[in-house]
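Notes for the structure review
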Amino acid sequence: IATIRLSNSFDVSNVLTVHSNKFTVEGATGNTTIAGQLNANADVQIGGEINVLNNNIVNVGEPTSADHAVPRSYVDSKSTAMSIALS
């Protein structure tokens, strides 16, 4: 295992590849590809759209705020409750 520490910047004009294309950064575009699992132990902020390429988003928790994503079971339970209330 090697550790690289940079005190300033590291410029890539072509492609930066780590461990047989497990992590690549295209120098010209900044596009980053990760082949494997990405773990984040803190908040992740996204400044654009998220395209999950027809994959599922799993393990979504119950909402604690109006702008939180919700699991399908939460929506289904609210739909059932509303259906009962309307009948």
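The present account deals with the structure reproduced in this document. Remember, predicted model here, so these are calculated numbers, not experimental data. (Residues numbered from 1 in each chain as written. Predicted model: local features only at pLDDT ≥ 70, side-chain atom pairs only at ≥ 80, totals over all residues. Heavy atoms only, no water.)

The next point concerns the overall build of the chain. The helix and strand inventory of the chain stands at one helix and three strands. Considering only contacts in the chain between residues 6 or more positions apart, those separated by 24 or more positions represent 0%. Put simply, the chain shows about 8400 Å² of open surface, and 50% of that area lies on carbon and sulfur atoms. (Helix = DSSP H or I, 4+ residues; strand = E, 2+ residues; numbered from the N terminus. Contact = heavy atoms within 4.5 Å. Areas by Shrake-Rupley, 256 points an atom, 1.4 Å probe, with all protein chains shown as cover.)

Judged from the four bridges that link them, strand β1 (residues 15-18) and strand β2 (residues 23-26) form a sheet pairing that is antiparallel. Its bridge partner being in β2, L16 is matched across the sheet by V25. Hairpin geometry of β1 and β2 is characterised by an intervening segment of four residues between the two adjacent antiparallel strands and by a positive phi of about 50° at H19. As judged from the three bridges shared by β2 and strand β3 (residues 32-34), these two strands associate in the antiparallel manner. Bridged to T24 within β3 is T33. (Pairing = 2+ DSSP bridges.)

Before going further, it helps to spend a moment on the layout of surface pockets. The calculated volume of the largest pocket comes to roughly 180 Å³. The wall of the largest pocket is formed by I4, L6, F10, L16 and V18. (1 Å grid on protein atoms, 1.4 Å probe; cavity = no way out; pocket = protein on both sides within 12 Å on 5 of 7 lines; lining within 4 Å. Points joined across faces, edges and corners; volume = space filled by probe spheres on them.)

Here we come to the sheet that holds β1. On the basis of which strands lie adjacent, the open sheet formed by three strands has the order β1-β2-β3 and antiparallel pairing. Where the open sheet ends on each side, the last strands, each with one partner, are β1 and β3. Sheet twist, expressed as the average angle between the axes of neighbouring strands with direction ignored, equals 5°. (Axes fitted to C-alpha atoms, helices over the stretch in contact; angles between N-to-C directions.)

It is worth spelling out a nonpolar patch on the surface at this point. Residues V44, I46, I50, V52 and I57 make up a contiguous nonpolar surface patch of about 500 Å² in total accessible area. Mapping I57 onto the fold places it in the loop between β3 and α1 (72-86). (Patch = residues over 30% accessible without salt bridge, like charges linked within 9 Å, V, L, I, M, F, W, Y side chains within 5 Å. Salt bridge = Lys/Arg side-chain N within 4 Å of Asp/Glu carboxyl O.)

Time to look at the pattern of salt bridges. Any two side chains of opposite charge can pair, on the condition that their charged atoms come close. All told, the structure shown has one salt bridge when counted by the stated rule. Note that D76 is salt-bridged to R72, the shortest N-O span being 3.3 Å. On the criterion of helical spacing, the pair formed by D76 and R72 is a turn pair, its members being four residues apart in helix α1.

So, about unusual backbone geometry. Even without being glycine, N54 reaches a positive phi, approximately 65°. Relative to the assigned elements, N54 resides in the loop between β3 and α1. Classification of N54 as exposed rests on a relative accessible area of 82%. One non-glycine residue, N59, lies in positive phi territory at about 60°. Among the secondary structure elements, N59 is positioned in the loop between β3 and α1. (Buried < 20%, exposed > 50% of the residue type's maximum accessible area, 1.4 Å probe, protein only.)

As far as function goes, none of this settles anything; it's purely spatial.
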